[in-house]
Amino acid sequence: SPNVVVPVDPVTGSPCRTLDALLWSFVGGSPVLNSWQNPKAIPPMSPTADAMAKALKKLGFSFVGPTICYSLMQSCGLIIDHPVGTPEHTAAAARLAKRKGVRGR
């Protein structure tokens, strides 16, 4: 959807400079490390992904829903959903511990 207008921060209502800034605003600007105990516990969508989908549709994007937005959030590193105890989760936790502002759920 290249013809989208200036995105708006869903929390403050102020214009975002970029689409990147808009997407990161849904997770407070830093990655969220989830603590799922097994792969079956990982949801296909979330309330945050639903809010993102609604915001993108309002801006003129099409073919976006909460499942697509959740997948986008996973693939871009906005959320990290590797199950606890896996090498991927351990590595992500160590990597993110070095950064400021990382939240866990």
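Residues numbered from 1 in each chain as written. Predicted model: local features only at pLDDT ≥ 70, side-chain atom pairs only at ≥ 80, totals over all residues. Heavy atoms only, no water.

Caption draft 1: Seen up close, the overall build of the protein chain. A tally of regular secondary structure across the protein chain gives four helices and three strands. The helix and strand sequence of the protein chain, counted from the amino end, reads α-β-α-α-β-α-β. Burial analysis of the protein chain (105 residues in total) assigns 32% to the buried set. When the accessible surface of the protein chain is summed, it comes to about 6,500 Å², and 61% of that surface belongs to carbon and sulfur atoms. (Helix = DSSP H or I, 4+ residues; strand = E, 2+ residues; numbered from the N terminus. Buried < 20%, exposed > 50% of the residue type's maximum accessible area, 1.4 Å probe, protein only. Areas by Shrake-Rupley, 256 points an atom, 1.4 Å probe, with all protein chains shown as cover.)

Caption draft 2: Just helix 3 (residues 66–75), in detail. Those residues of helix 3 not exposed but buried are C69, Y70 and M73. End-on view of helix 3: buried residues confined to an arc of 100°, all on one side of the axis. Tucked into the core, helix 3 has its buried residues touching helix 2 (47–58) and strand 2 (79–80). At the C-terminal side of helix 3, G77 shows a positive phi close to 85°. (Arc of directions from axis to C-beta. Contact = heavy atoms within 4.5 Å.)

Caption draft 3: Broad picture of the nonpolar core. Counting 17 residues, the largest nonpolar core has V27, M52, L56, C69, M73, L78 and I79 as its most contacted members. Elements represented by at least two residues in this core include exactly helix 1 (19–25), helix 2 and helix 3. By residue number, the principal contributor to this core is helix 2, which donates four residues. When neighbours within four sequence positions are excluded, M52 is seen to be in contact with L23, F26, C69, L72, M73 and L78. (Core = buried A, V, L, I, M, F, W, Y, C linked by side-chain atoms within 4.5 Å.)

Caption draft 4: Structural context of the confidence of the model for the protein chain. Per-residue confidence for the protein chain gives a mean pLDDT of 86; residues scoring 70 or more make up 86%. Within the protein chain, strand 3 (residues 103–104) has the poorest average pLDDT of any element, 59, and helix 3 the best, 97. (pLDDT = per-residue confidence, 0-100.)

Caption draft 5: Examining the side chain of N34 more closely. Counting through the fold element by element, N34 comes out in the loop between strand 1 (32–33) and helix 2. You can call N34 buried: its relative accessible area is 5%. Within the structure, the side chain of N34 is placed 2.6 Å from the side chain of D81, a separation counted as a polar contact. (Polar contact = N/O pair within 3.5 Å; in protein donor to acceptor, adjacent residues only side chain to side chain.)

Caption draft 6: Main features of helix 4 (residues 87–97). Of all the positions in helix 4, only H89, A92 and L96 are classed as buried. Taken end-on, helix 4 shows its buried residues confined to a sector of 65°, consistent with a single buried face. Opposite the buried face of helix 4, at more than 90 degrees from it, the exposed residues are P87 and A97. Buried residues belonging to helix 4 abut strand 1 and strand 2.

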